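Each chain, written out:
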Amino acid sequence: MSKNAAKYEEPWQEFFGPNLGYLMDLYEDYKENPESLDSETKKWFDQYGAPQVEQSVTNGQTSVTTDKKTDMDMAKKVAAAVKLTDNIRIHGHLSADVNPLQEPSGETSFLKIDEYGLTEGDLRQLPVEMICPDAPDHINDGLEAINHLKEMYTQSIAFEFDHVHDVEEHQWLNRQVESGHIYRSLSPEKRKKTLNSLTEVDSFEQFVHKTFVGQKRFSIEGVDSLVPMLDDFAQDAIQDGARDVMIGMAHRGRLSVLAHVLGKPYDLIFSEFQHAPNKDFVPSEGSIGINYGWTGDVKYHLGAHKKVQQEPFDSRITLANNPSHLEFVNPVVEGYARASQDDSSEAGFPQQDTSKAIAVLIHGDAAFPGEGIVTETLNMSRLKGYQTGGTLHVIANNQLGFTTDTHDSRSTTYASDPAKGYEIPIVHVNADDPDACMAAVKLAYEYRNRFSKDFLIDLIGYRRFGHNEMDEPVATQPYMYEIIKKHPRVREVYANQLVKDNVFSQEEVDKLKEDTDHFLANQYEKVADNKSAEPEEEEIPQEVERRLPVVETGYDADDLKQINKELITWPDGFNVFPKLKKILERREDALEEGGKVDWAHAETLAFATILSEGTPVRLTGQDTQRGTFAHRHLVLHDYKNGDIYSPLHTLSNANASFAIYNSPLSEASIVGFEYGYNVHEPTTLVLWEAQFGDFANAAQVVFDQFISAGRAKWGQKSGIVFLLPHAYEGQGPEHSSARLERFLTLAAENNWNVANVTSSAQYFHLLRRQAATLGTEEMRPLVLMTPKGLLRNQNVASSPEKLTSEHFHAVVEEPKTGKSKKKVTRVIFASGKVAVDLHEAIADDNVPDWLHIIRVEELYPFPAEEIQAILSDYPNVKEVKWVQEEPENMGSWSYIQPLLRDIAPKGAETSYIGRRRRSSPSEGDPNAHKKEQNRIINEALTGKE
């Protein structure tokens, strides 16, 4: 080398050829993310920078020596090989054998070596470690490593991990595949168990199809492997100490899951097909729990639970009840799981143990990308208030949604693609390969155990019949169903494989099928003559028929003062925002003589007293910690360092946990989650607060199908509370009404209580009454219209005596009116804010003696007896008026009109004062609102329109 030549960098002198190319590729990874490399390699690049290629300089001209040019060519081939390797991992699934209805399409361009300018000879020169560090020992060179990767990533199980950005997780997932760990052979016993499960499923479905011709059952056939997958996953979880395995699914395959995972007796299922369900068929030992309401539901919506007895505790597998709204059960099941995981026995936030319960959600291939509730639920998977330590998601992929082909139902390649946005690992698996299915569910279980995150299996199969068994699918999918018609059943495919592998003999396979069919026939004989007769009307339980009992909810004055003192005592060194500190410190004297307790203060005191009595409280919603209207402040933030503190966590007499979380900007999923939480943990006071009342609109399916009807359909009890801000204050159509009329329309059979109260004391007692009924047969949800502008109104604030004595009153008389009982000719009924408006509009020195106002604080159940008792004191009533802010076709009027007429004094006219019928809840212009509001109040108090 001439003395004019540039000296080659010492650290790189020993690297050339493939090794230098490998280092150059590693350096590209280093530039993108230094933390992705091992510590020694990172340290090397930190110190020496990029790999150097030797150049010579002669007469001022730069040239690359022949050897170094060769090295550069090899480096390019290394880079190409590494790119090929990455593309096998990323795009191998496109060439995989995962669709039972079609042959694999062969290698895509991503997997062809000539697309990268490579030859087999080039690849043979590369070390295995460069291509596949986790390859088995028998792999000897780069070409064998590439072929190994192709085989691993294109079988009947395929993988999508590229969107998983956590380096440790990504490397672990790749290692499971590339080492062959996921493909480890199943024992003969395991495979026999799988065939036995598939035989039970296959025989059951065929028996029902032939015996109950034309009846809907939403068969599992085509994704039969789902049953052994679920059973295996549940058993692994229970053996590792899980107390609960919670399953949510729609109707497809539900009967097979009930029969073969939950153990619902065949004869009970058959009796339901006879339209004569016999509860005597439920096992008497209580291992299977099936709840019934008084109106009931179709058999493919019902849930059940199975007790698994073991030491040192029993576990339970639960299949949640679910209506036809497919994926809306997802957040409900997540709520079940979180409730099971939370220990709420001590003050502070609940202590969560994610090993205690696991959620499993079975999705439809059209519903997973099509229904927004799916991604709302996925979004909760890593949120502090909602995460459950990882959920197993399985898409039971029929490659069809009712009669809609995939190209019309989604804009993505796979049904599973929405999960990529949440970095959930995805495995696609051929439902006709049960061994691969079991490998997939094992990987999912191990991943959940290791990383406490969600995992998704796309179980790709088909639907042997139509959407239901009365459908003819050939009319809309003739080509697909010609293939399905000729396609062998999963059990048959697997049985043939096990015979070929000498796991079973053909005689054993045939006998297994014969014995299973014989058992089904015997079970049917028990109910064959039990044909449908005239259905008996189920009686509503007496506890439900009755209104809630009067509960004395006053709290000892001295104890309440002690609680109040602790609520405004903060840890040393904790810096409350000065402006907020002054506001909170005003509460110090609220419980003294002449003091007033406003709405938010009464709420905090109610929570504190409920905690002191050992009832946990969970409150969630958008901006709930502070409150939409900056009124609550139950989580304080140190304005100097950001630390947080809740006084309800450190109360000296708290005997239960207090959980309060700001929710994501979702309603349906959060309401569903909180409902599920309360169903599973009925002794916790669970509250959901809407940012504005009409935000509950977005959760209407959950209100309609679960909360209002769940007990009547399924015997499923809940005592959840809904706080829905509702009042007409000139804020426009979307922030005025909580759509009170919808809850009253759904009100029947004492399914919930609906209230619109006018004082902080009433709110205090209502919360304490609700807590007192939790866990009892009388418990039911509470739908409460809450104030906005009235939160700080002194006419709503209550004296401390109102909290320390008395109880909730369903009806409250206006204190200014009705003094001269015989002179009263008009009685006004009102509820909520408009009743306070009426109170404020009456001058103390000019109270009409012909008028009395009655506030209906609890709208449903209607307090007829209390109102009649009041009206009996007013013998000369000629007019009964209902006054409301809402338009005539909204609010309470349509519900309450016939009720008032029934109890009005004889000869008295019942009529309405309020806004006229409208399509929109309120005016948009605040001046128009004020004018209309004044008209309503004036007409009510003067009798003049």
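Source: prediction; values computed, not measured.

Re the domain arrangement of the protein chain
Thinking step 1. Split into domains, the protein chain comes out as domain 1 (22-48), domain 2 (68-154), domain 3 (188-342 + 361-526), domain 4 (557-805) and domain 5 (811-942).
Thinking step 2. The gap between the C-alpha centroids of domain 2 and domain 4 is 59 Å.

Concerning the packing of helix α8 (residues 188-211) against helix α9 (residues 226-239)
Thinking step 1. Contact geometry of α8 with α9 gives a least axis separation of 9 Å together with a crossing angle of 130°. Considered as vectors, α8 and α9 are oriented oblique to each other. Considering only the axes of α8 and α9, their crossing is right-handed. The segment α8 lies against α9, with Lys190, Lys193, Thr194, Ser197, Leu198 and Val201 engaging Val227, Pro228, Asp231 and Asp232.
Thinking step 2. Considered class by class, the residues forming the contact of α8 with α9 number four nonpolar, two polar and four charged.

Some points on the sheet that holds strand β17 (residues 658-662)
Thinking step 1. Spatial strand order, β17-β14-β18-β19-β21-β20-β25: seven strands in an open sheet with mixed pairing. Of all the strands in the sheet, the pair left with one neighbour each is β17 and β25 (858-860). Each neighbouring strand pair of the sheet contributes to a mean axis angle of 20°, computed without reference to strand direction.
Thinking step 2. For strand β18 (residues 685-689) and strand β19 (residues 721-725), the ladder comprises three bridges, and the chain directions are parallel. Bridge pairing links Trp688 to Phe722 in β19.

Quick look at the pairing of β17
Thinking step 1. With four of its five residues buried, β17 lies for the most part within the structure.
Thinking step 2. Judged from the five bridges that link them, strand β14 (residues 617-621) and β17 form a sheet pairing that is parallel. Directly across from Arg618, in β17, lies its bridge partner Ala659.

With respect to unusual backbone geometry
Thinking step 1. Of the consecutive residues Glu311 and Pro312, the connecting peptide bond is found in the cis state with omega at 5°.
Thinking step 2. With respect to the element layout, Pro312 can be found in the loop between β6 (304-308) and β7 (315-319).
Thinking step 3. Pro861 follows Tyr860 through a cis peptide bond whose omega is -5°.
Thinking step 4. Looking at where Pro861 falls in the secondary structure, it is placed in the loop between β25 and α31 (864-871).
Thinking step 5. Positive phi, close to 60°, is recorded for Gln399, a residue that is not glycine.
Thinking step 6. Mapped onto the fold, Gln399 is located in the loop between β11 (391-397) and α15 (406-409).
Thinking step 7. The class for Gln399 is buried, based on a relative accessible area of 17%.

Structural notes on the side chain of Asn430
Thinking step 1. By the secondary structure assignment, Asn430 is in strand β12 (residues 426-430).
Thinking step 2. From its side chain, Asn430 meets the backbone oxygen of Asp97 in a polar contact 3.2 Å long.
Thinking step 3. Asn430 has contacts with Asp97, Val98, Asn99, Pro100, Ser156, Cys437 and Ile460, leaving out every residue within four places of it along the chain.

Each value, and the rule that gives it
Residues numbered from 1 in each chain as written. Predicted model: local features only at pLDDT ≥ 70, side-chain atom pairs only at ≥ 80, totals over all residues. Heavy atoms only, no water. Domains from an automatic or database assignment. Axes fitted to C-alpha atoms, helices over the stretch in contact; angles between N-to-C directions. Helix = DSSP H or I, 4+ residues; strand = E, 2+ residues; numbered from the N terminus. Parallel < 35°, antiparallel > 145°, perpendicular 65-115°, else oblique. Left-handed = near helix turned anticlockwise from the far one by under 90°. Contact = heavy atoms within 4.5 Å. Nonpolar A, V, L, I, M, F, W, Y, C, P; charged D, E, K, R; others polar. Pairing = 2+ DSSP bridges. Buried < 20%, exposed > 50% of the residue type's maximum accessible area, 1.4 Å probe, protein only. Polar contact = N/O pair within 3.5 Å; in protein donor to acceptor, adjacent residues only side chain to side chain.

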